Amino acid sequence: MKANLRGITLFANGRMVNIPEFFGPSESSHFYSYATGWLNIDFIDNWEEDVISTNRQSIDWENSKTSELRNYLASCLSIIERKWRESRKEKKTKCN
């Protein structure tokens, strides 16, 4: 997969607000070569403070709310990566 497609893209109300990324977890696992997707996070448009950059390419991750969101997304990706590794291991065991 092309490098610019790897990661999770964030959208709010149909507009991209953050280019694809993994939100902090180590990208050394083979999983991150294949991981791609998108999430709708419309709720950030309802926050009082504007946390989206003017070019709509990234979120201001220094904000306390966005920092909490980033940590949550990173933990979700870690769980998915762990389950992916377990599934691969299971498949290898069944094939042998």
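Cut-off values and rules
- Residues numbered from 1 in each chain as written.
- Predicted model: local features only at pLDDT ≥ 70, side-chain atom pairs only at ≥ 80, totals over all residues.
- Heavy atoms only, no water.
- Helix = DSSP H or I, 4+ residues; strand = E, 2+ residues; numbered from the N terminus.
- Expected span 1.5 Å × (residues − 1).
- Buried < 20%, exposed > 50% of the residue type's maximum accessible area, 1.4 Å probe, protein only.
- Contact = heavy atoms within 4.5 Å.
- Polar contact = N/O pair within 3.5 Å; in protein donor to acceptor, adjacent residues only side chain to side chain.
- Phe/Tyr/Trp six-rings, centres within 6.5 Å; stacked < 30°, edge-to-face > 60°.
- Lys NZ or Arg CZ within 6 Å of the ring centre and 35° of its normal.
- 1 Å grid on protein atoms, 1.4 Å probe; cavity = no way out; pocket = protein on both sides within 12 Å on 5 of 7 lines; lining within 4 Å.
- Points joined across faces, edges and corners; volume = space filled by probe spheres on them.
- Core = buried A, V, L, I, M, F, W, Y, C linked by side-chain atoms within 4.5 Å.

**Q** Could you clarify how one ought to interpret helix 1 (residues 64-95) in this entry?
**A** Every α-helix carries 3.6 residues per turn, so stepping three or four residues along brings you back to the same face. The terminal C-alpha atoms of helix 1, which comprises 32 residues, lie 47 Å apart, in line with the 46 Å expected from a rise of 1.5 Å per residue. Buried residues of helix 1: Thr-66, Leu-69, Leu-73, Ala-74, Leu-77 and Glu-81, and no others. Close packing links the buried residues of helix 1 with strand 1 (7-12) and strand 3 (36-40). Sitting at the amino-terminal end of helix 1 is Asn-63, which places a side-chain oxygen 2.7 Å from the backbone nitrogen of Lys-65.

**Q** Even after reading the chapter, I still don't get the packing of aromatic side chains, so can you show me in this structure?
**A** Two aromatic rings, taken as a pair, are described by how far apart their centres are and by the angle between their planes. Under the criterion given, the structure shown has 7 aromatic pairs. A ring pair is formed by Phe-22 and Tyr-32, whose centres lie 4.7 Å apart and whose planes are at 75°; its orientation type is edge-to-face. Of this pair, Phe-22 sits in the loop between strand 2 (15-21) and strand 3 while Tyr-32 sits in the loop between strand 2 and strand 3, and the two are 10 residues apart along the sequence. Each member of the pair, Phe-22 as well as Tyr-32, carries the same accessibility label: buried. Here Tyr-34 and Trp-84 contribute two aromatic rings whose centre-to-centre distance is 6.5 Å and whose plane-to-plane angle is 35°, an arrangement assigned as tilted. Here Trp-84 lies in helix 1 and Tyr-34 lies in the loop between strand 2 and strand 3, a separation of 50 residues in the sequence. Note on Trp-84: relative accessible area 23%, which makes it partly exposed. What links up through ring pairs into an aromatic cluster is the set Phe-22, Phe-31, Tyr-32, Tyr-34 and Trp-84. For Arg-70, the ring lying beneath its charged end belongs to Trp-61, and the centroid distance is 4.9 Å.

**Q** What should I look at first to understand the layout of surface pockets in this one?
**A** Remark: the empty space left among the atoms is shown by a probe the size of a water molecule rolled over them. What the largest pocket holds in volume is close to 170 Å³. Lining the largest pocket are Ile-8, Phe-23, Phe-31, Ala-35, Thr-36, Leu-39, Tyr-72, Leu-73, Cys-76, Leu-77 and Ile-80. Residue assignment for the lining of the largest pocket shows that the elements contributing at least two residues are strand 3 and helix 1. For the lining of the largest pocket, the element with the highest residue contribution is helix 1, accounting for 5 residues.

**Q** Mind showing me how you'd approach the nonpolar core here?
**A** Among soluble globular proteins, nonpolar side chains are generally buried collectively. Formed by 20 residues in total, the largest nonpolar core has its most connected members in Leu-10, Val-17, Phe-23, Ile-41, Ile-44, Ile-59 and Trp-61. The set of elements that each furnish at least two residues to this core consists of strand 1 and helix 1. The element contributing the most residues to this core is helix 1, with 4 residues. The residues contacting Leu-10, other than those within four sequence positions of it, are Arg-15, Met-16, Val-17, Asn-18, Phe-23, Leu-39, Ile-41, Ile-59, Trp-61 and Leu-73.

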